[in-house]
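Examination of the molecular architecture
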Amino acid sequence: MDALVWDKERMLCRFRLLVVTPVVLWMSISQWKELLPSFFYLAASALAYSLACCWLVSKRPRPYLTWVFRALDTLLISLTVYYLGPQNRDLHYLYLLVGIAAAFEYGLLGSMVAMGLIIAGHMPEMFGPSQLPSFFNHILFTFLVLFFIGWLAEGERRNLSHLFRLRDICNIKSSMTDMQTTLAQLVERTAQVLDAQMCGVLLLDACRQELRLHHPAFGMPPGQDIRLPLSGGGVCVQALLTGQGQLVEEAAESPVTIKGLVTQYNVRSVIAIPLKAEGDGFGVLLLCTTWDGKAFSSRDLMLASILAEEMGIVLRNAKLYWDLRKNYRDVVRALSMTVEAKDPYTHGHSERVTRYALAIGESMGLSPAQLRVLENAGYLHDIGKIGIRWNILNKPGRLSPEEYEMVKQHPDLGYEIVSTIENFQEEAGIIRHHHERYDGKGYPLGLTGEDIPLGSRIMAVADAFDAMISRRPYRQPLSWEAAVKEIKDCQGFQFDPRVVAVFLEVVGKLREIQGDNLDHGSTG
């Protein structure tokens, strides 16, 4: 039950306890001599009614409780009318408490149900034909009052429903998985708010000077390709060029609707609203109803304009977010290329390690946020080698102990470089520990088992695998089978067994990533 409805019910219960019950008791006490022994039944009913109200209000909100209140109201009022007699006509107006409360909460449905309760409650007074005219006049007056209240309440309920759905649209976050998800949610909820059978966004292609339907579109087949040249006119083009919403109540009679839309989709009514960002139009929100639905009104146009304004803000923020992420990715890749430029034998190594690590991470069920961290760390995992001398990195023979100690510094150097980037602290940790071993014999800190970050354990397998199948100045690449066997043999010692198990499951996918070069070794 809605919190607003329940708060209103609590307020009505105070009215019951402070007004209805005292009135019933007072009227029964004032006529107790005439009512004996019915007085005791009526007084007991009033007290039981009060206790029931107190108990129900103390319960948690439930949809059926309001109807329980209505039934109790009708029962008490009907008992009072029955015992005090139909001559006490003022009591009959207590039935309006039931009717008005139900009409406010449930609109026309509530008013109709309330009328049924009121007629049932009046049945005791229909004891003779002489009462019928007065009875019907009273019922007709009550019906008109409740119908009017129910009609007003129905409109308010629709407005509240629209506002709540508008709130849902405003709460859609631009940090969703991708623009497709964001757009799909926006168009579906917008169609629900305005009872539209079709809803879509046409985005402006400035180069081609046309509007093009961007999928997903609600109520339209995925393969539908709608392109509208700006020189061709039409309701959507008018909306974009004028910056004003366009309403076509009867599309079949209008010359400015989309060509073929009426015949292909049996469209009855169309609304087109420009989507703007900082005053500049970048698209159009298109809404359509079919002949099975209603025709749009000026009120729908106003609500659609509000929704389009919010949609424009959300889409703009989403685009800014993804542009920022793309810029981050480009910077990260540029940094990884600085290392590969220094060591030509590692050309493409960071790219391949990243893709291997992502394949493993996806199969392990990592979240999108964790995969983004893993991706950034993959591209930058060897960034620390920029601080290692070129002649050591490219030495054709075995490294001396001193030279090897210098190479072992690159995870710490990478950590120091990447940790200076805001919001890259997790990536820095993965980079620092990607040469740790599961048995604790790795470097730089000698961490063991689960103490090593999961991203680092994944990166260790991906990095070692690509290193084995790649050509180096001091050795030829291993074959695909030999490299896989080496990874498998080292599980529990050098590598996390859980990561290795997933690696073996996705080996086929890794072969697709590397391509035919896997069997022959990379030139990188």
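Summarised in this report is the structure supplied together with it. (Residues numbered from 1 in each chain as written. Predicted model: local features only at pLDDT ≥ 70, side-chain atom pairs only at ≥ 80, totals over all residues. Heavy atoms only, no water.)

**Regarding the pattern of salt bridges**
According to the stated counting rule, one finds 11 salt bridges in the structure shown. One salt bridge connects Lys294 with Asp300, and the closest N-O pair in it is separated by 3.5 Å. Between Lys485 and Asp489 there is a salt bridge, and its shortest N-O distance comes to 2.8 Å. Here Lys485 pairs with Asp489, and both are found in helix α18 (residues 480-489), just 4 residues apart, close to one helical turn. Given the relative accessible area of 52%, Lys485 is considered exposed. Sharing partners across several salt bridges, the network here consists of Glu450, Arg457 and Asp496. (Salt bridge = Lys/Arg side-chain N within 4 Å of Asp/Glu carboxyl O. Helix = DSSP H or I, 4+ residues; strand = E, 2+ residues; numbered from the N terminus. Buried < 20%, exposed > 50% of the residue type's maximum accessible area, 1.4 Å probe, protein only.)

**As for the nonpolar core**
Of all hydrophobic cores here, the largest spans 44 residues; its most connected members are Ile360, Phe465, Ile487 and Phe503. Those elements giving two or more residues to this core turn out to be α10 (298-342), α11 (349-363), α12 (368-380), α16 (425-432), α17 (454-469), α18, α19 (497-505) and α20 (507-514). It is α17 that contributes the most residues to this core, 9 residues altogether. Sequence-distant contacts of Phe465, that is, excluding residues within four places in its chain, are made with Tyr356, Trp480, Ala483, Val484, Ile487, Phe503 and Leu510. (Core = buried A, V, L, I, M, F, W, Y, C linked by side-chain atoms within 4.5 Å. Contact = heavy atoms within 4.5 Å.)

**Thoughts on the environment of Ile388**
Take Ile388: it is sitting in the loop between α12 and α13 (390-393). Spatially, the C-alpha atom of Ile388 lies 9.6 Å from that of Lys408, the residues being 20 residues apart in sequence.

**With respect to α19**
When α19 is considered as a whole, its buried residues turn out to be Val499, Val500, Val502 and Phe503. Viewed along the axis of α19, the buried residues span an arc of 165 degrees, placing them on a single side of the element. (Arc of directions from axis to C-beta.)

**Considerations on the pairing of strand β6 (residues 280-290)**
Burial within β6 is extensive, with 8 of its 11 residues counted as buried. Pairing between strand β1 (residues 198-205) and β6: 6 bridges, direction antiparallel. By the bridge assignment for β6, Leu202 is matched with Val284. Here strand β5 (residues 267-277) pairs with β6 via 10 bridges, running antiparallel. Each bridged residue has a counterpart across the sheet, and for Ser269 the counterpart in β6 is Thr289. The loop that links β5 with its antiparallel partner β6 comprises 2 residues; one of these, Glu278, has a positive phi angle of about 55 degrees. (Pairing = 2+ DSSP bridges.)

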